[in-house]
Each structure stands twice: as C-alpha cells, then as structure tokens.
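# Per-entry structural report
The chain contents come next:
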Amino acid sequence: MAPPPPSPLLTHLLDELVGEILVRLPPDEPADILRASLVCKRWSRLLSDPAFGRRYRELHRAPPLLGFFHNTYESGPVPRFVSTVASPCSPPALHCSNWWTLDCRHDRVLIHRFGRPDLVVFDPLTGEQPHLPLPPYSHFFCAGAVLCSVAGCDHLDCHGGPFLVVFVGTNCDRATWASVYSSETGAWSASSSVELGGRYIQAWPSLCIGDSLYFMVYRGRSILRYDLAVRGFSLIDVPAEYDDISTVVMVDDGRLGFMGVEDRNLHLWAWQEAGADGSAGWRRCRVIELATLLPGPDKTFSPRVVGFVEGTDIVFLSTDVGIFTLKIKSGRVAKVGEKRARIAIVPYSSFCLPGV
C-alpha cells in the first residue's frame, strides 16, 4: 500500500525550507544554482519563480562578475567574451561582426559596429539585441555608456526595462559632443559640446557615479565629466606627473578616483572635495607593489591596467603571462585570461538565475 501523499501544509513548509537553503547559495558560481534547478521539477519551479529571484538578488545585492568582453585589433577567430567563473558562462551569439564593446552596465552591453550606422544594446543572458541608429552627428573617435533609466531602480534586475545610451564623439575638427538616446522615446537628444584643447575622447568604458558619467580623454591626461541631469560637460585635469592614467574608478566612499601604474606599482588616487580651506584636488590614497603579487618571467615586466569592475574593488591587469584580476582590499590575484593584444576589457556582471 502506497504511503499517503504529504499534506499541502507539509509541502509548503518543505518548499519554504528548501528555499531558505537555496537562497543562500553564493552567486559567484552560477552553475551551483543552475544544477540545483535540475534536481527535480519542484526545485526547478521554486528557483524559476520571480519571487525567489527577487529574494536572491536582495540578499546578495552585488551582482557577480561572470566574465568580460575585450576589444582587440587581432585578426582571426578570437573569442570576444571570456568567462571568469568555474563553469563557463556562454552568452548567446551576437548577430553582428566588426564590433567594439563601448560599455557595460545594468545587465546590458553597448556595442559599436564599425562601418555600420547603428549601435547594439546586447543582453547576454536573455539574448535581446535591439539596434538603434547612431546620432546624426559626425565622429572620428567615440565612447559611450548604457544605463537603466528607471527612477529609483536598485539595478539588481534590469533585464527588459527601459534604458538610456549616452554616445560621446570627437569629430575631425577635434570638437567633442554628446547625445542621449532613450529607449522609451526612440530618439536622440540634441547634442551638447565641449572643446578638449585639440584632444579627443578615448574608446574606454565609462564610470557612473550618481548622475554623472566619467570618460577618459586621449591617453588619460584628463577626465571628461558628463552631467546627466543638466546634459553638460566639465573637464577634470589629473596630477601633472601623470601623462597616461590607466582608468577611472570609484573609491570606497563613492568618490571619483583613477589608477595609474608607475615603476611596477599601482597608484590609486581619489578626488578630494573642497575642505575648510576651500581647496579641492587629487590625493594619492594607496600604492600597491605589483611585482610581488603578479607572476612573470622576471622583475622587468610592466603590468598595465586594462579594466575595472564598477562598484567593486576589482581591477584587471595585463602582463606578459596573461590577464589577472586583483582585489584591491585583500590583494587576492587570479588569472582569468591568456595574453592577447587587448586594448580594453569591459567586465560583465549580472545575476544568472534559472528564471532569467
């Protein structure tokens, strides 16, 4: 005689208990929770429930790093996405060629297609690839940013929602302009412009702090700030001793910072707002000796910063033996890629859940 089926109350209690366990699985290895969804149909339904996804994101808050897109001038079949998790994360195929990754934020990747009059906003988890026309202004050099446009959003699950694209270009006359695209209106705004003293915008990922976007100017000799609220520019010079900063970053307390490598040491600078004496400027807040952290054939190697994970302390470093991530606070180093002629790395972070 078969045992009686469990009561609905017992089933509900068991589901709650399983949910309390599964919601605590760490997000930095997505395969763990995906494997759990294959245990049985009940677990699959539980993990695919949007309510579970909301609880999971709210508990863990910081989306995990899943991999990075890289820009390179190498020819041939070079993979453009590299997974950084133990079980490889493979995004859907991107249906375009000859492309350059401009930016990545809020579950989306902004891609510029060479020789084509459009941009692609790519969601690597859902496969969505909406195309939008380039703004009607000429450019020879460019950079861009993509971000969620939902007011008050916690940016833990922006898949499928409205977004903004900010495109910054420098034309042949070395005039730099910016225009903003809204997915809700399907149109570009009028352009704002600024003179950079003969320099041009650098094709490097942007940094978002509050309502401001920060872009690198040619060879990192200054930083261009774009205020999303007023749609205007301002230029921030870097210390005179730096002719080539590596990347803009956000320091612990939400301030603007930048990194530079000098004599195989990583220097972290932060912008200090005006104090009681009314002065503001840059302050060097940390120096990290890379020669003792990174492997290399000898001590003459010259590491280079090639990327930074926004909202974290993770920086990407290129060396003669490969690509490494460095966690600034702990000093933990991990190899995540092989040596290639990379120009820039654009990290991709998102929660990878069965319900996506």
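For the structure itself, consult the block above.
Residues numbered from 1 in each chain as written. Predicted model: local features only at pLDDT ≥ 70, side-chain atom pairs only at ≥ 80, totals over all residues. Heavy atoms only, no water.

## A closer look at the packing of aromatic side chains
Rules: Here a pair means two rings of Phe, Tyr or Trp (six-membered ring of Trp) with centres within 6.5 Å. Their orientation is stacked below 30 degrees between planes, edge-to-face above 60, and tilted elsewhere. Secondary structure elements follow DSSP: runs of H or I of four or more residues count as helices, runs of E of two or more count as strands, with numbering from the N terminus. Between buried and exposed lies partly exposed: a residue is buried under 20% and exposed over 50% of the maximum accessible area for its type, with that area taken using a 1.4 Å probe on protein chains only.
Scanning the entire structure with this criterion turns up 17 aromatic pairs. Taken together, a centroid distance of 6.1 Å and an interplanar angle of 80° make the contact between Y56 and F351 edge-to-face. In this pair, Y56 is assigned in helix α4 (residues 50-60) and F351 in the segment after β24 (342-349), connecting sequence segments 295 residues apart. F351 carries the same exposure label as Y56, and that label is buried. Geometrically, the ring pair formed by F141 and Y200 is stacked, given 3.7 Å between the ring centres and 10° between the ring planes. Placement of F141 in strand β7 (residues 141-148) and of Y200 in the loop between β11 (192-195) and β12 (207-209) is noted, with a sequence separation of 59 residues between them. By the ring-pair criterion, three or more aromatic residues cluster together here, those being F69, F81, W99, F122 and Y348.

## Here we look at the pairing of strand β17 (residues 256-262)
Heads up, the rule is: Only strands joined by at least two bridges in the DSSP assignment are considered to pair.
Burial analysis of β17 places 5 of its 7 residues in the buried class, which makes it a mostly covered element. Bridge analysis of strand β16 (residues 247-250) against β17 gives 4 bridges, and the strand direction is antiparallel. Across the sheet, the residue bridging to V249 is G257, located in β17. Here β16 folds back onto β17, and the loop between the two strands holds 5 residues, one of which, G254, carries a positive phi near 85°. In the sheet, β17 pairs with strand β18 (residues 265-272) via 6 bridges, with the strands oriented antiparallel. If you follow G257 over to β18, its bridge partner there is A270. What sits between the antiparallel neighbours β17 and β18 is a turn of 2 residues, in which D263 has the positive phi angle 55°.

## Let's talk about the pairing of strand β13 (residues 212-216)
Taking burial as the measure, the 5 residues of β13 include 5 buried ones, the bulk of the element. The alternating pattern of β13 places S212, Y214 and M216 and L213 and F215 on opposite faces, both of which are buried. Bridge count for β12 against β13 is 3 bridges, and the pairing is antiparallel. Its bridge partner being in β13, L207 is matched across the sheet by Y214. With antiparallel pairing between neighbouring strands as the criterion, β12 and β13 make up a hairpin whose turn holds 2 residues, including G210 at a positive phi of roughly 65°. Note: β13 against strand β14 (residues 222-227), 5 bridges, orientation antiparallel. Residue pairing in the sheet places S212 in a bridge with D227 of β14.

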